[in-house]
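# Residue-level structural notes
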Amino acid sequence: MKAKLRPLVFGLFFTYLAAQCVVFQLFEKPILKKMTDNDRLVGYVRPRLSGYIWLSGCELFFIFLTCFAIYCEENAFAFMMGTVSMWHGLYVVHIFCARLEYNETYMIYRSLFKRKVFSPAEVRRVQRDETGKSVLGYTVILYLLDGTMLEFPEAYCVGTHALFNMLSQNENE
């Protein structure tokens, strides 16, 4: 029975990859437009609902594939998927816990183990990086004077547009 299921392990994984590539090739621009139109949050950067759903679904799929590969005795693939699942899970926890509250006088960054209060004047540089970790859109990266780098991917965080606009205006002044 397990020998008959072995091709299904790889088939599921490659079907997931192919479907993701096709969907993003066909629907990337409408998804980006919808995300941009719905990004009206000012004063906060927090995870968006679609980011929760997408990242949680991917993580559950990776865990399922790991367990299914173990069941089918595909140990090398199970180890690979377990490693991918672990790293992806850490990234998911980082995205789910990261929040930024800001105004013209202060900024408060909160994550799982970190809380940092600083002023907008301490932001050395703000940049939009299109080759960031997010699948869609760009990543807003804040470089602080103390060397800290804070990343907010547009695909998973709402409020990035107002944050970038506020800080880029401060840089130009």
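Here, every reference points to the structure presented above.
This text gives an overview of the structure that appears in the document.

Attention now moves to the overall build of the chain. Counting secondary structure elements, the chain contains 4 helices and 8 strands. A total of 173 residues make up the chain; the buried ones form 43% of that total. When the accessible surface of the chain is totalled, it reaches about 10300 Å², and 64% of it is carbon and sulfur. Put simply, the chain has 18 plus and 16 minus side-chain charges, and the middle of one group is 6 Å from the middle of the other.

Before going further, it helps to examine the sheet that holds strand S4 (residues 115-118). Taking strand neighbours across the sheet as the criterion, the 5 strands line up as S4-S3-S2-S1-S8 in an open arrangement whose pairing is antiparallel. The open sheet has two edge strands, S4 and strand S8 (157-158), and neither has a second partner. Strand direction decides the pairing type here: strand S1 (residues 44-47) and strand S2 (residues 99-102), joined by 2 bridges, are antiparallel. Bridge pairing in S2 links Val 45 to Leu 100.

Attention now moves to the packing of helix H2 (residues 49-71) against helix H3 (residues 75-97). With their axes 9 Å apart at the nearest point, H2 and H3 run at an angle of 160 degrees to one another. Our classification of the angle between H2 and H3 gives roughly antiparallel. Both H2 and H3 take part in a crossing whose hand is left-handed. Of the residues in H3, those in contact with Gly 51, Tyr 52, Leu 55, Ser 56, Cys 58, Glu 59, Phe 62, Ile 63, Leu 65, Thr 66, Ala 69 and Ile 70 of H2 are Phe 77, Ala 78, Met 81, Gly 82, Val 84, Ser 85, His 88, Gly 89, Val 92, Ile 95 and Phe 96. Each residue belonging to the contact of H2 with H3 can be placed in one class, and the counts come to 15 nonpolar, 7 polar and 1 charged.

Moving on: the pattern of salt bridges. Overall, the coordinates contain 2 salt bridges when judged by the stated rule. The closest approach of N and O atoms between Glu 101 and Arg 110, which form a salt bridge, is 3.7 Å. The closest approach of N and O atoms between Lys 116 and Asp 146, which form a salt bridge, is 2.5 Å. With Lys 116 in strand S4 and Asp 146 in the loop between strand S6 (139-144) and strand S7 (149-153), this pair connects stretches of sequence that are 30 residues apart.

Conventions and cut-offs
Residues numbered from 1 in each chain as written. Predicted model: local features only at pLDDT ≥ 70, side-chain atom pairs only at ≥ 80, totals over all residues. Heavy atoms only, no water. Helix = DSSP H or I, 4+ residues; strand = E, 2+ residues; numbered from the N terminus. Buried < 20%, exposed > 50% of the residue type's maximum accessible area, 1.4 Å probe, protein only. Areas by Shrake-Rupley, 256 points an atom, 1.4 Å probe, with all protein chains shown as cover. Lys, Arg positive; Asp, Glu negative; His and termini not counted. Charge placed at Lys NZ, Arg CZ, Asp CG, Glu CD. Pairing = 2+ DSSP bridges. Axes fitted to C-alpha atoms, helices over the stretch in contact; angles between N-to-C directions. Parallel < 35°, antiparallel > 145°, perpendicular 65-115°, else oblique. Left-handed = near helix turned anticlockwise from the far one by under 90°. Contact = heavy atoms within 4.5 Å. Nonpolar A, V, L, I, M, F, W, Y, C, P; charged D, E, K, R; others polar. Salt bridge = Lys/Arg side-chain N within 4 Å of Asp/Glu carboxyl O.

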